[in-house]
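# Examining the three-dimensional arrangement
Now for the letters of each chain:
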Amino acid sequence: MNLPPGTLTRLSARKDRHSHAEPDRVRMQHLALDLTLDFAAKVVRGTATVRFVRPDPQAPLVLDTFGLAIEAVTGADGKPRAFVVGKEDPALGAPLTVTLVGSDAEVTVRYATTARAEALQWLAAEQTRDRKQPFLFTQGQSILTRSYIPLQDSPGVRITYEARVKAPPGITVVMSAEQLGERDGGFAFRMKEAIPPYLIALAAGRIEFAKISDRAGVWAEPSLVKSARDELEDTEKMIAAAEALFGPYRWGRYDIIVLPPSFPFGGMENPRLTFATPTILAGDKSLVGLVAHELAHSWSGNLVTNATWSDFWLNEGFTSYCEQRIMEQVFSPERSNLEKTLARTELVRELGELEPWQEVLHVELDKRHPDTAFSSVPYVKGSLFLQRIERAYGRDKFDAFLRGYFDDHAFQSITTGDFVAAYQKRLASAAPEIARTIDLNGWLLGTGLPDDAPTSPSTGIAEVDAALAQWASGKPAASLVTNGWVTQQWEHFIQSLPADLSLARLTELDKTFKFTRSGNSEILTDWLVVAIRTGYKPAMPRLEEFLLGVGRRKFLKPLYAELAKTPEGLAWARALYVRARPRYHAVAVGTIDQLLSWKPSGAPS
């Protein structure tokens, strides 16, 4: 398999270095929540009943917590169980160790969250679109679920769950589970399929539902729900395309909730209920590739999950590959090629900025937080690796491999070593001469982008390059033929602009294409980066408005990073950040704090 001795052992390691739990001794299997959402105090309080099996009958139950106020632990008999909250690690939180008695198979933890619950974002009514009711949403990936639920917070521990959640009048609660309606004064939920804990998700606010198909629909604030439904109307087509490619959809429903703009990601693949940012609603369906991506996670990530965060590329590389197969099927091969070309270009750019350890697919995370490895590497490099295998063996054989991979590992958490074993069994062993041409070690453990990384030529990119050449030769911007360009073409246009543009040329572009007032966040972010770099002052009020209004880390990071390159820009960014920081989720705050050298006290270091 052209892997050096000992490499497969390394790729097969299952110990989760980011969890205090000891699932090989006592393993959690089911979670039952009974929670109350206190919007006034910004606290979630209630009970978590944890059911488990005990491979080691003498071992205690160890759960992960982060900043939780643990009030009591009782057994199924209602009697107290001895417990201790251990020493807290700044990143991993503290272990909750419960002494088990006799044949204990479950315990109930009564607890409350604190201001340190980084998974939770509480929004005042004025921070929502309709300004009618407050809002709450959670974000558990990678290791934040432990900040609002005591549990074994490891992707290698799959659990089922049920919940009853009470909320104030006028607030609707939804979760990443089957919705059972209102029961006993709360909203009831059930997830019968075993999932990793980072996929337990909750949102609560003034929201309404709009149907797309019998198994798909959209939740959003009332003023947004119709336009969101119209933008995402191709969701059912995507589900059907994905099933034809990857096998049956095994989660029942596929709904999407469009959250307030402070949500830190484009989307989060919570099963049965994808969380999405409103910035994907461009009005022309040009950004719905995000839905294809989150939908693809229903197979790669949710159905077959990385066992540790070192194996994160198994989630995102497979999903990015599957996303483009869906886009190709629902839209066109050209649309897919356009998106793949831009993603590859961005990967190459980003590789020039990353540390060597961050460039590796099977990333070494010992003593590192999983989020420090977040980049386009697991997504795009992982996808290119799978494209390389597909082109080597042919699409028919690779599609058969994919179907078998998802079937063989359904509802399991696997390692990169498990992937290698599946590849060897289903592809390499049948065609060893082809297998010898693919450098598994270089792809999985090497830095940079291998020389055999595939390309996907795009006529759409060629059109943009031709227009850029015409403009560079002096042709007026207004005379360029740009009718029908999609978002990705505009992104390539802006990203390819010369670094030394004059104020006059920038003004001409802005007057012609109205970049500064664009309602498309992808285009706007690229333009604002150019504006910062070139000192284009007419865009600065829009930059301030955008940074105060949007919390998606993908947009915040390049803008703050560009500002931080000059002393003047850094000072301006820090002054703005004082106002913006309370509006951002903890996931985004952690990234921007580091970019701006920001101390928790609020004073820059």
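Shown above is the structure to which this text applies.
Quick summary incoming for the structure in this document. Residues take numbers from 1 onward in each chain, read along the sequence in its written order. It should be noted that, the model being predicted, local features are given only for residues of pLDDT at least 70 and side-chain atom pairs only at 80 or more, the latter also being counted only at that level, while totals for whole chains, interfaces and linings use all residues. Side-chain figures throughout are based on the complete set of non-hydrogen atoms in the structure, without hydrogens or water.

### Concerning the overall build of the protein
Using the following cut-off: Numbering of helices and strands runs from the N terminus, with a helix taken as a DSSP run of H or I at least four residues long and a strand as a DSSP run of E at least two residues long. For the exposure calls, accessible area comes from a 1.4 Å probe over protein chains only, and a residue counts as buried if that area is under 20% of its type's maximum, exposed if over 50%, partly exposed in between. Working rule for contacts: check all heavy atoms of both residues, and any pair within 4.5 Å makes them a contact. Each accessible area is a Shrake-Rupley estimate made with a 1.4 Å probe; only the visible protein chains count as cover when residues are assessed. Only four residue types enter the charge count: Lys and Arg as positive, Asp and Glu as negative, with His and the chain ends excluded. Taken as the charge location is NZ of Lys, CZ of Arg, CG of Asp or CD of Glu.
Tallying secondary structure elements over the protein gives 19 helices and 21 strands in all. When the backbone C-alpha atoms are referred to their principal axes, the protein occupies close to 85 × 60 × 50 Å. Among the 605 residues that make up the protein, the fraction classed as buried is 58%. Counted over contacts in the protein with a minimum sequence separation of 6, partners at least 24 positions apart contribute 71%. For the protein, the accessible surface area stands at approximately 23,600 Å², while carbon and sulfur atoms represent 52% of it. Here the protein holds 69 positive side-chain charges and 72 negative ones, and the gap between their average locations is 2 Å.

### Things to note about the sheet that holds strand 12 (residues 178–183)
Heads up, the condition is: For two strands to pair, DSSP has to find at least two bridges joining them. Axis angles are defined between N-to-C directions and span 0 to 180 degrees, where every axis is a line fitted to C-alpha atoms and, for a helix, only to the segment in contact.
What the seven strands build is an open sheet, ordered 4-7-2-1-10-13-12; its pairing is mixed. The open sheet has two free edges, formed respectively by strand 4 (69–75) and strand 12, since each of these has just one partner strand. Shown here is a sheet whose adjacent strand axes are inclined to one another by a mean of 15°, direction ignored.

### Side note on the packing of aromatic side chains
For the record, the criterion: By convention, a stacked pair of Phe, Tyr or Trp rings (six-membered ring in the case of Trp) has centres within 6.5 Å and planes under 30 degrees apart, an edge-to-face pair has planes over 60 apart, and any other such pair is tilted. For a Lys NZ or an Arg CZ to count as sitting over a ring, it must be within 6 Å of the ring centre and within 35 degrees of the ring normal.
In this structure the tally under the stated criterion is 43 aromatic pairs. When the ring of phenylalanine 246 is compared with that of phenylalanine 406, the centres are 6.1 Å apart and the planes differ by 75°; the resulting orientation is edge-to-face. A residue pair is termed long-range when its members are at least 10 positions apart, and phenylalanine 246 in helix 3 (residues 235–246) and phenylalanine 406 in helix 8 (residues 395–408) qualify at 160 residues. Like phenylalanine 246, the residue phenylalanine 406 is buried in the burial classification. When the centroid spacing of 5.4 Å and the interplanar angle of 65° are considered together, the rings of tryptophan 251 and phenylalanine 411 count as edge-to-face. Residue tryptophan 251 is found in the loop between helix 3 and strand 17 (254–258), and its partner phenylalanine 411 is found in the loop between helix 8 and strand 21 (412–414); the two are separated by 160 residues along the sequence. By relative accessible area, phenylalanine 411 is classed as partly exposed at 28%. Here the basic side chain of arginine 335 rests over the ring of phenylalanine 331, its NZ or CZ set 4.8 Å away from the ring centre.

### Considerations on helix 15 (residues 521–534)
Helical periodicity: at 3.6 residues per turn, an α-helix aligns residues three or four positions apart in one direction. What counts is decided by this rule: Helix span is expected to be 1.5 Å times the residue number reduced by one. For the purposes of these results, a polar contact is taken to be a pair of N or O atoms within 3.5 Å, where, inside protein, one atom must be able to donate a hydrogen and its partner to accept one; residues adjacent in sequence count only when each atom of the pair is a side-chain atom.
With 14 residues, helix 15 ought to run about 20 Å at 1.5 Å a step, and its terminal C-alpha atoms sit 20 Å apart, in line with that. Burial analysis of helix 15 places 12 of its 14 residues in the buried class, the great majority of the element. The set of residues buried in helix 15 consists of Ser521, Glu522, Ile523, Leu524, Thr525, Asp526, Trp527, Leu528, Val529, Val530, Ala531 and Ile532. With a side-chain oxygen lying 3.0 Å from the backbone nitrogen of glutamate 522, the N-terminal cap of helix 15 falls on asparagine 520. Looking one or two residues beyond helix 15, the residue adopting positive phi is glycine 535, at roughly 75°.

### Considerations on the pattern of salt bridges
To keep it simple, the criterion reads: Salt bridges, as used here, are contacts in which a Lys or Arg side-chain nitrogen is within 4 Å of a carboxyl oxygen on Asp or Glu.
Following the criterion strictly, the structure yields 44 salt bridges and no others. We note a salt bridge from arginine 325 to aspartate 399, for which the minimum N-O separation is 2.8 Å. Taken together, the residues span a long stretch of sequence, with arginine 325 in helix 5 (residues 312–330) and aspartate 399 in helix 8 at a distance of 74 residues. For aspartate 399, a relative accessible area of 19% corresponds to the buried category. Linking glutamate 562 and lysine 565 is a salt bridge whose minimum nitrogen-to-oxygen distance equals 3.1 Å. What makes glutamate 562 buried here is its relative accessible area of 9%. Overlapping salt bridges bring together Lys226, Arg229, Asp230, Glu233, Asp234, Lys237 and Lys285 as one network.

### A short note on the side chain of glutamate 359
Its location among the elements puts glutamate 359 in the loop between helix 6 (333–351) and helix 7 (377–393). Salt bridges are absent for the buried glutamate 359, whose nearest opposite-charge side chain, lysine 381, sits at 6.2 Å. A distance of 2.7 Å separates a polar side-chain atom of glutamate 359 from the backbone nitrogen of glycine 448. Setting aside residues no more than four positions away along its own chain, glutamate 359 makes contact with Leu351, Leu354, Val377, Lys381, Gly446, Thr447 and Gly448.

### Some thoughts on helix 6
For helix 6, which comprises 19 residues, the first-to-last C-alpha distance of 27 Å matches the rise-based estimate of 27 Å (1.5 Å per residue) to within 8%. The inward-facing, buried residues of helix 6 contact helix 5, helix 7, helix 12 (459–472) and helix 13 (487–495).

### Some details on the nonpolar core
Soluble globular proteins tend to bury their nonpolar side chains together. Operational definition: Throughout, nonpolar core names a set of buried Ala, Val, Leu, Ile, Met, Phe, Trp, Tyr and Cys residues whose side chains join them through atoms within 4.5 Å.
Leu31, Phe419 and Tyr423 are the most contacted members of the largest nonpolar core, which has 149 residues in total. Of all hydrophobic cores here, the second largest spans 47 residues; its members include Ala477, Ile494, Ala539 and Tyr577.

### Here we look at unusual backbone geometry
Here glutamine 141 and serine 142 are connected by a cis peptide whose omega angle stands at 5°. Examined against the element boundaries, serine 142 turns out to sit in the loop between strand 9 (135–138) and strand 10 (159–166). The backbone of phenylalanine 411 sits at a positive phi, close to 60°, despite the residue not being glycine. Despite not being glycine, serine 597 shows a phi value in the positive range, around 50°. Inspection of the secondary structure assignment puts serine 597 in the segment after helix 19 (586–595).

### A short note on the pairing of strand 7 (residues 106–112)
Burial of strand 7 is extensive: five of the seven residues sit out of reach of the surface. Here strand 2 (residues 43–53) runs beside strand 7; their pairing, made up of seven bridges, is antiparallel. When the sheet's bridge partners are listed, threonine 47 is paired in strand 7 with arginine 110. Bridge count between strand 4 and strand 7: six bridges; the pairing is antiparallel. Bridging from a neighbouring strand, threonine 74 pairs with threonine 108 of strand 7.

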